[in-house]
Amino acid sequence: MKNKIINVGLIGLGRIGKMHAKNISQHLPFLNLKSIVDPVPDIDFIQRLDGVQACTNTDDVFLDDTIQAVIICSPTHTHYELIKKCAQHKKHVFCEKPISFSENEIKEIINIMINEKVLIQVGLNRRFDQEFMLVKNKVNDGLVGDIQMIHITNHDASIPEFKFLKSSGGLLFDLCIHDFDMLSFITGEKINEIYVNGSVFIEPRLKEINDIDNAIITLELESGILCTIDSSRQTHYGYDQRVEVFGSKGMISVDNKPDNFYYFSNQENTKRSKIKYSFIERYKDSYITEFEHFYTCITHNNKPIVGPENILSAIKVATAGEKSIVTNQPVMVKK
Amino acid sequence: MNNINLAIVGFGRIGKIHASNILASENINLKIIIDPILDINEKFTSIGISQSKEINDLLNLDNIDGVIICSPSQYHIEQIKQISQKTKNIFCEKPLGLSVSEIMDIKSLVTDNKLNLHVGFNRRYDPDFSSLKTAISNGEIGDIHTIKITSRDPSPPPISYIKNSGGIFLDMTIHDFDMVKYLSGSEISKIYVKGGCFIDPEIEKANDIDTAIINMNLKSGVLATINNSRKAIYGYDQRVEVLGSKGTLKVGNRLLSGLQKGTKNGFTSANPKNFFIDRYNKSYQKEISDFIESIKGKIVEYANVDDGLHALKCGLAANKSLLNNTPVMV
C-alpha cells in the first residue's frame, strides 16, 4: 500500500520545536514539514531542513489548505487560542503539554475538537517510551500481581533559566505533570489524593514566585495504591528518570540510560559515564514514536491514545498539589 | 587491662547473635545469661557462663562491666533502671521504650548517673551506611536536599508478634527514622503517612498496616521519604539514596551471591540477602565491639537515649498521622 504523505506546519521554534522539526525531516518520511512559524524564526536552522518555509504569521499555516495538521510548540499560554484556530480551519493538532493550565479551557478544547471532527494529540511523550510501554504491558499481564506501591524519580540534570521557570507553570505543572500521567498510564487509574512536601534548595528566586525546585509527593490512587514522586530540578549527574512498580508477586523497575557503556577501573574505583543529560536524549525514540502514532491516527481517523482528557486529569492533580503546598495538607483531587 | 565481663538479659534471637559475637571477641567474658524461659545449655556451662531465670542473679554479681538487654521491649525500661544500680555500661535493643515519659525517666537517669547507654540501632554500624554517612559529612555531594529510604522485609512476622510489636512504625520504621537522623544529623520535625493493608488481612485485624509511605520534613530543611513493606517477595530490600547540591550518594542491596547468568532468556542475578541477620551481620559485630571499646574508656559514636527518644517520637507521630490523614509535628 502506498503511504499517503501529510503536510504539517509547526508553530514555535524553541528547543522542543526544533527537536520535532529535525525528527520529522530525518525520521518521519510520511510527514512533510511545510512551514514553521515563529516570531523570530531561526533562518539558519530552517534552511538546513531543506524545503521548509519560514513564517512569522500563524495565518501562513492556518490559511494553507495543503496543511492538514499543526504541531504546536509555542509557550503554553498561546496553546488555547492556537488550538481553537486549528479546529476552525479543520486542522488536526499535535500540542505540547500542558495544553493549558485551566481546566475550563481544556474542557472547551475537548468539545471543540469533537464538534469540528479534528484530532488532537498531546505531547505526553513518555507514554511512547519503550521501557514504560513495557512496564504497562507487563503490569497488565499481571507480572507483579496486585500493585501495592509505585515510586517515580523525576530529576532534571540542570535547572532551567529563571526566565523559563517563571513561565513554566511551576514544578508541578511543568515537570511532575508527566509523572501524574505516568501513574495513570501504568495503572489505568485516576489519582485520588495528593500531598506535596516541597522546598527551594537550588534557585532562591523561586520563593518570590511561590514555586519550588524539589518535592517529595505522596499520592493515593483510586484503588488505594500508594505512590511517591520524587522530583528535583537539578542533579548534575544527568536526567534521572526511574520508575518502580512494587506488587504482590514482584517488582518491575526501569533504570536510567547511561551516556555510554565505557568503564574505567583502577586502584581507586570504577568510573562510568553520566546518565543521559536531557529529555531530548533520554526520550529520543518516544518523540519519534509519538508522531508515528499521530500519523496513523490521522490516516485511519483513530483517536490518539493520549489527548486533552489525560492532560485534564493531570492538571487536576497538579492543581490539588498546589493547594496541598499552600495548606500543607493532603488534598483530594477533583473528580 | 583486665578482661571485661559482660551479661546478656533476654536470650532470644538477637541475644544469641550478641552472645556469639561476644564469644568471638578476645579478652571478653560472657559471665551470665538471664532469661525467664531459659533452658540451661551445657555448652555454655562448660565454658563458665552462668545461666539464670532471675535477673537478681545478675544484680548480685560483683564484677559485671556491662550488660546487653535483649528482652521484649516492654521490659527495657525497668531493667535499665535495675541494672544501672550495678553498672554504667548498658546496651539496650531498640526500641528503648514504648512511651515518651518512660524514656524521659531513663534520660534523667543517664544524665544523673552518667550512664553509658547505647541503643541497638544496628544499621548505623553497617559498613555501607557508615560510609554513606562519612561521604555526606565530607561534603562529597554538597548540602543534602533529599533522603529516600526503601525498607522492605521479605515476609511478615507471625501475627502473634505483630500484635505485640507496637505496630509497623515502632517495630520496623523506627530503624528508618533513626537512619534519617543518623545520615542528616538532623531530627525529623514533621511526618505525613499513608498506609494500607495489602498483604495479609490478619494484619489489619490486628489493627496494624503492612505497607506505608512516609513523607518527612527535617529541622534542617531537608526532605525525606521512607517506603515500607512487610513483604517483598524477592528478598530483604534495603536501599538509601541521598540527593545533594553537587550530586547523589546511594547504597544498594547486598546480594545473596555475585553470580550472574546470561542465556537466550536474558540475564539473571541474585536477589538481596533474605534476612536481617545476614544483611546486617557486620553491624551486629561492630555495635557490640564499639560498646566494649566504650567500656574500656574509648570515645565512640553511638545511638544514645536522645536517638531512642527521637525515633520513638517519630513512630508515635506516624501513628497519629495515619489515624488522622494529616501531617503531624514530631
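This section reports on the structure supplied with the text. (Residues numbered from 1 in each chain as written. Chains lettered and ligands numbered in written order. Predicted model: local features only at pLDDT ≥ 70, side-chain atom pairs only at ≥ 80, totals over all residues. Heavy atoms only, no water.)

What follows deals with the sheet that holds strand E12 (residues 250-254) of chain A. All names here are of chain A. Across the sheet, 7 strands lie side by side as E12-E11-E7-E10-E9-E8-E15; this open sheet has mixed pairing. The two strands at the open ends of the sheet, each matched to only one other strand, are E12 and strand E15 (331-332). Of the pairings in the sheet, the one linking strand E7 (residues 147-155) to strand E10 (residues 226-232) comprises 7 bridges and is parallel in character. The partner of Ile152 across the bridge, within E10, is Ile229. Its contacts with the sheet put helix H9 (residues 177-187) on E7, strand E8 (191-199), strand E9 (214-221), E10 and strand E11 (240-247), and the angle it makes with E7 is roughly 145 degrees. Along the sheet face, helix H12 (residues 308-327) touches E8, E9 and E15 and points at about 50 degrees away from the line of E8. (Pairing = 2+ DSSP bridges. Helix = DSSP H or I, 4+ residues; strand = E, 2+ residues; numbered from the N terminus. Contact = heavy atoms within 4.5 Å. Axes fitted to C-alpha atoms, helices over the stretch in contact; angles between N-to-C directions.)

Let us look at the nonpolar core. One finds A:Phe180, A:Ile217, A:Leu219 and A:Val245 to be the most contacted residues of the largest nonpolar core, which totals 103 residues. In this structure A:Phe180 touches A:Leu172, A:Ile191, A:Ile194, A:Ile217, A:Leu219, A:Ile229, A:Ala314, A:Val317 and A:Ala318, once residues within four positions along its chain are discounted. (Core = buried A, V, L, I, M, F, W, Y, C linked by side-chain atoms within 4.5 Å. Buried < 20%, exposed > 50% of the residue type's maximum accessible area, 1.4 Å probe, protein only.)

Residues and elements named next belong to chain A. Taken together, the 6 strands give an open sheet; going across it, the order is E3-E2-E1-E4-E5-E6, and neighbouring strands pair in parallel fashion. Looking along the sheet, the strands with just one partner apiece sit at the ends: strand E3 (53-55) and strand E6 (120-122). Pairwise comparison of adjacent strand axes, ignoring direction, gives a mean angle of 20 degrees for this sheet. Direction of pairing for strand E4 (residues 69-72) relative to strand E5 (residues 92-95): parallel, over a ladder of 4 bridges. Within the sheet, the bridge partner assigned to Ala69 lies in E5 and is His92.

Further remarks concern the pattern of salt bridges. Under the definition given, this model contains 41 salt bridges over all chains. Of the charged contacts, one joins A:Glu244 and B:Arg239 as a salt bridge, the two residues approaching to 2.9 Å between their closest N and O atoms. In this pair, A:Glu244 is assigned in strand E11 and B:Arg239 in strand E11 (residues 237-244), connecting two distinct chains. Linked by salt bridges that have partners in common, B:Arg124, B:Asp178, B:Lys181, B:Glu187, B:Lys219 and B:Asp307 make up one network. (Salt bridge = Lys/Arg side-chain N within 4 Å of Asp/Glu carboxyl O.)

Locating B:Asp126 in the fold gives a position in the loop between strand E6 (116-120) and helix H6 (127-137). Setting aside anything within four residues of it in sequence, one finds B:Asp126 in contact with B:Arg279, B:Tyr280 and B:Ser283.

Looking now at the state of the cysteines. Inspection of every chain in the model, using the stated rule, returns 0 disulfides over all chains. There is no disulfide at A:Cys227, and the cysteine sulfur nearest it, in A:Cys176, is 13 Å away. For A:Cys227, a relative accessible area of 0% gives the class buried. With no disulfide of its own, B:Cys92 has B:Cys70 as its nearest cysteine by sulfur position, at a separation of 8.2 Å. (Disulfide = S-S within 2.5 Å.)

Turning our attention to helix H4 (residues 76-83) of chain B. The periodicity of an α-helix, 3.6 residues per turn, causes residues three or four places apart in sequence to face the same way. Residue and element names in this part refer to chain B. Of the positions making up H4, those classed as buried are His76, Ile77, Gln79, Ile80 and Ile83. The buried side chains of H4 occupy one side of the element, clustering within an arc of 165 degrees when seen end-on. Lining the buried residues of H4 we find strand E1 (4-9), helix H3 (56-59), strand E4 (66-69), strand E5 (89-93), helix H5 (100-113) and E6. (Arc of directions from axis to C-beta.)

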